[in-house]
Structure formats: C-alpha cells, structure tokens
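One-letter residues, chain by chain:
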Amino acid sequence: MNSATRIDEKLTVTEVCTELKIAPSTFYDWRAKKRGPRCITLANGQLRIRRSELDRWLHEREDAA
C-alpha cells in the first residue's frame, strides 16, 4: 500500500480499537464525550475513521516532553 492510499484508508471501529488496544466501549465513550477522532457515518449507520484523522488526533495527544 503506498502512502497516499494509506492516508485515505478508512478504518473500522474494530480496527481503530485494535490499533489503540482499547475496548470498543472506550471508543464509543470518547465519541459520546466528543473526545475521540472524527468519524464518517455511512448510510447504514456504521462508522469509519480516516487514517489521516486518526494520525492527526493521536499527534494532538502527544506530550511535548
């Protein structure tokens, strides 16, 4: 997968949770509190998270240490 494809990749909630090593309930709690990464809601109600959005969201949470 090239870098442009990776940036545009749409991840499922399960994939994000696996990558972050968190439970889905934690992801949905963050989402309800507007503290999680922005999501795309598909017509069927499923969520997707852009790779670039997840990377941006994680970068914002890095300590300056």
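Asker: Would you mind showing me how to read the overall build of the protein chain here?
Answerer: Looking only at helices and strands, the protein chain has four helices and three strands in total. Reading the secondary structure of the protein chain in the N-to-C direction produces α-β-α-α-β-β-α. Relative to its 65 residues, the protein chain shows a buried fraction of 23%. A fraction of 45% describes how many contacts in the protein chain between residues 6 or more apart in sequence connect residues 24 or more apart.

Asker: Hey, could you run me through the packing of helix α2 (residues 13-20) against helix α4 (residues 51-60) in this one?
Answerer: Axis angle and axis distance: for two packed helices, these are the angle between their axes and the distance between the axes, and together they describe the pair. Look at α2 against α4: their axes get within 12 Å of each other, and the N-to-C directions meet at 35°. Between α2 and α4 the crossing geometry is right-handed. Across the interface between the two elements, V16, E19 and L20 from α2 touch R51, L54, W57 and L58 from α4. Taken together, the residues that form the contact of α2 with α4 break down as five nonpolar, no polar and two charged.

Asker: How do you make sense of the side chain of R48 when you look at a structure like this?
Answerer: Tracing the sequence through the fold places R48 in strand β3 (residues 47-50). E15 provides the closest opposite charge to the buried, unpaired R48, separated from it by 6.4 Å.

Asker: What exactly am I supposed to notice about the packing of aromatic side chains here?
Answerer: What describes a pair of aromatic rings is the distance from one ring centre to the other and the angle between the planes of the rings. Evaluated as defined, the whole model comprises two aromatic pairs. Here the aromatic rings of F27 and Y28 are separated by 5.5 Å at their centres, their planes lie at 85°, and the arrangement is edge-to-face.

Conventions we followed
- Residues numbered from 1 in each chain as written.
- Predicted model: local features only at pLDDT ≥ 70, side-chain atom pairs only at ≥ 80, totals over all residues.
- Heavy atoms only, no water.
- Helix = DSSP H or I, 4+ residues; strand = E, 2+ residues; numbered from the N terminus.
- Buried < 20%, exposed > 50% of the residue type's maximum accessible area, 1.4 Å probe, protein only.
- Contact = heavy atoms within 4.5 Å.
- Axes fitted to C-alpha atoms, helices over the stretch in contact; angles between N-to-C directions.
- Left-handed = near helix turned anticlockwise from the far one by under 90°.
- Nonpolar A, V, L, I, M, F, W, Y, C, P; charged D, E, K, R; others polar.
- Lys, Arg positive; Asp, Glu negative; His and termini not counted.
- Salt bridge = Lys/Arg side-chain N within 4 Å of Asp/Glu carboxyl O.
- Phe/Tyr/Trp six-rings, centres within 6.5 Å; stacked < 30°, edge-to-face > 60°.

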